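What the coordinates show
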Amino acid sequence: MALLDVSNLSIHFGGVKAVQNVSFSIDAGIVYSVIGPNGAGKTTLFNLITGVYTPTAGEIRLDGESIGGKSPNELARRGVARTFQNLQICMNMSARENVMVGAHLRLDRNLVKAALRFPALKSRDRELQTEAAELMAFVGLEKYVEARADSMPYGALKRLEIARALAMKPRLIFLDEPAAGLNPKETIEVDHLVRKIADFGVTVVLVEHDMKMVMNLSDRILVLDYGKKLAEGSGAEVRKNPDVIAAYLGAHA
Amino acid sequence: MHKNAYFGLSIVVAILAVLPFLLPNSFYMDLAIRMAINAVIVLGLNLLIGFAGQISLGHAGFLGIGAYATAVLPTHFGWHPLLAMGAGAAVTGALAALVARPIFKLKGHYLAMATLGLGIILNIAIRNEATWTGGPDGMPVPAMGLLGFELTSDKHWYWVVAILLAVSVWASLNLIDSPFGRALRALHGSEVASQVVGVDVVRYKVAIFVLSAVFASLMGSVTAHYVGFVTPNLADFFHSIELVTMVVIGGMASVYGSLVGAVLLTALPQALATFEGWETVAFGTILMLCMIFLPKGLVPTLAARFGKGE
Ligand SMILES: Nc1ncnc2c1ncn2[C@@H]1O[C@H](COP(=O)(O)OP(=O)(O)O)[C@@H](O)[C@H]1O
Ligand SMILES: [Mg+2]
């Protein structure tokens, strides 16, 4: 059974059919990419699967369980993590705290114990600080461990999002354009980072415009256009697909 | 972030410890007590407004529930004052949870409107139930006996509220720097980001709203006992706004800002009393100037200027 199974998924915003009848499935342990021109519905698809939007129609199954319409925090409990194309960093917190928030569900969140400074909570928090610093180093942010989030450059914040998502210890991670706006050197670093994440056994779903990175990393690729599935397959298959060449690669490459 | 935070607590404790020996007379002692009471309320309110990013324009209503529970239950029903205080807090907590849950599921300015309305309703109820509450004239509050010890003199009251304040500062600092507190700050920083890492946003907003309401209720009870008399003004709209202003002036999301805001705005009406009739105008002008020149509030602005965190 596939880890994620999406069938006939649709969402409409008024007259805009942002995602229409899209079906695909993702096996555990692979890197799965979703490509398509701007406005094709890639981010909307991520929002549907991670519970930010409720589908108008269709079904989403995670490990066979129907998850369509479940809230984001319920999906987080099931090991689904994501980053945002438009940064969603908590600028009122330090960089490290942003990562620590990622571990939310793995902590004792009791209010009274927190207010009374229970030693068990404090010592767990100290461990978590180290854990967060290690995660920041893992994504290449070692020099920002003590930084305030609002003092960090764009490229670093993109990676901070990844570190926060990894702090959830997810099974499935959705990365929405992790290399957008990055320079070529940073893009290569993110490429390597995604590979490392996949090597840990985390299933990666990637939206990215950098075709080299997509072809390099992906086991399978889904092509969306105007909210519809245009093609799906391995990199080689997708590249040869005449519809894709006509509608997407032809126009953009 | 909070390495220096607990150092601030030791300064607060030191000030609280020496203050009563420096105050020249009972006028200042009274002022200090009222400052400390307000500071505790504002600490709770700042957790809601500054840290979690949610507004309440009706907190004086919760304060009123506590104050009137303390006045009415012992007077009319012979309840023990501590039991009355607990009952006030419990009713406040239940009411806050009841209204917060549906409101937090909506977005936008509903919370401001709903808390505003709730505060006004509570105030009207207090004014109208004259048989129980004395109506607009208010009612006296029986003295508080604690462990066979009557709290009568200002000195006793000072130490009670000083300890409450020190404990509240400590608990607030602890809370902010905990998994619970980080979730609160995260949902303020980015609601959707906090949701996707697993924060049940509605639940956290309700929890902090209830907590801050209960703080206000308990301190309403303390105020009632200390003053020995309650009036509906305690629970009116202007008092709610005053409390929010203390948060904003002192500094949103700043524990020590809460204290500074409470101290300044408790003292200000005294200082402005010479303006006779114009004190509200002077008050408003000062607030506007603060908002223009210190939009982040006093403590965060000064902290940033001197290059430190809180
Ligand atoms: N919340 C929303 N309300 C209205 N329209 C939306 C909303 N979210 C996305 N859309 C529309 O859906 C379409 C797909 O957008 P999006 O998923 O962001 O595309 P992509 O990520 O592929 O660039 C666009 O036309 C966009 O305007
Ligand atoms: Mg997008």
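Attention here is on the structure that accompanies the text. Everything numeric here is computed off the predicted structure, so don't read it as measured data.

Right, let's get into the interface of chain B and chain A. Contacts between the two partners involve 27 residues from chain B, matched on the other side by 32 residues from chain A. Interface area, chain B with chain A, both sides summed: about 2,600 Å², of which 63% is carbon and sulfur. Of all residues in chain B, Arg182(B), Val196(B) and Val197(B) give up the largest surface area on contact with chain A, accounting jointly for 26% of the area buried on that side. Across the contact surface, chain B and chain A share three salt bridges. For Asp125(A), the salt bridge is made with Arg182(B), and the minimal N-O distance between the two is 2.9 Å.

Before going further, it helps to examine the sheet that holds strand 5 (residues 65-66) of chain A. Strand pairing in a sheet relies on backbone hydrogen bonds, with the paired strands running either antiparallel or parallel. Residue and element names in this part refer to chain A. Spatially, 2-1-4-5 is the arrangement adopted by the four strands of the open sheet, whose pairing is antiparallel. Edge strands, defined here as strands with exactly one partner in the open sheet, are strand 2 (16-26) and strand 5. Across seven bridges, strand 1 (residues 4-13) lies against strand 2 in antiparallel orientation. From the neighbouring strand, Ile11 faces strand 2, where its bridge partner is Val19. Packing against the sheet, helix 1 (residues 42-49) makes contact with strand 1, strand 2 and strand 4 (57-62), and its axis sits at approximately 115 degrees to strand 1.

Let us now look at the environment of Ala60(B). If you trace the backbone, Ala60(B) turns up in helix 3 (residues 59-77). Excluding anything up to four places from it in sequence, Ala60(B) contacts Leu234(B), Ala235(B), Asp236(B), His239(B), Ser240(B) and Leu243(B).

With that settled, the discussion passes to the site of ligand 1. All names here are of chain A. Close to ligand 1 lie Phe13, Ala18, Pro37, Asn38, Gly39, Ala40, Gly41, Lys42, Thr43, Thr44 and Tyr53, which account for all nearby residues. Note that an oxygen atom of ligand 1 is positioned 2.8 Å from one of the backbone N or O atoms of Gly39. Measuring from an oxygen atom of ligand 1, one finds a backbone N or O atom of Ala40 at 3.2 Å. Summarising the interface, the protein chains cover 63% of the accessible area of ligand 1, which totals 560 Å² for the free molecule.

Another aspect to go through is the coordination of the magnesium ion (ligand 2). Ideal geometry at a metal centre: 109.5 degrees between donors when four sit tetrahedrally, and 90 or 180 degrees when six sit octahedrally. All names here are of chain A. Summarising the metal site, the magnesium ion (ligand 2) is bound by the protein donors Thr43 (OG1) and Gln85 (OE1), whose distances to it range over 2.0 Å. Linking Thr43 in helix 1 with Gln85 in the loop between strand 6 (80-82) and helix 3 (95-101), this pair joins segments that are 42 residues apart in sequence. Note on Thr43: relative accessible area 25%, which makes it partly exposed.

Attention now goes to the pairing of strand 9 (residues 220-225) of chain A. All names here are of chain A. Burial runs high along strand 9: five of the six residues are buried. Examined bridge by bridge, strand 3 (residues 31-35) and strand 9 share four bridges and lie parallel to one another. The partner of Ile35 across the bridge, within strand 9, is Val223. Bridge analysis of strand 9 against strand 10 (residues 228-233) gives five bridges, and the strand direction is antiparallel. Residue pairing in the sheet places Asp225 in a bridge with Lys228 of strand 10. Once strand 9 ends, the chain turns through two residues before running back antiparallel as strand 10, passing Tyr226 with a positive phi of about 50 degrees.

Thresholds applied
Residues numbered from 1 in each chain as written. Chains lettered and ligands numbered in written order. Predicted model: local features only at pLDDT ≥ 70, side-chain atom pairs only at ≥ 80, totals over all residues. Heavy atoms only, no water. Contact = heavy atoms within 4.5 Å. Buried area = accessible area lost by both parts, 1.4 Å probe. Salt bridge = Lys/Arg side-chain N within 4 Å of Asp/Glu carboxyl O. Pairing = 2+ DSSP bridges. Helix = DSSP H or I, 4+ residues; strand = E, 2+ residues; numbered from the N terminus. Axes fitted to C-alpha atoms, helices over the stretch in contact; angles between N-to-C directions. Near = heavy atom within 4 Å. Polar contact = N/O pair within 3.5 Å; in protein donor to acceptor, adjacent residues only side chain to side chain. Areas by Shrake-Rupley, 256 points an atom, 1.4 Å probe, with all protein chains shown as cover. Donors = N, O, S within 2.8 Å, 3.2 Å for Na, K, Ca; no water. Buried < 20%, exposed > 50% of the residue type's maximum accessible area, 1.4 Å probe, protein only.

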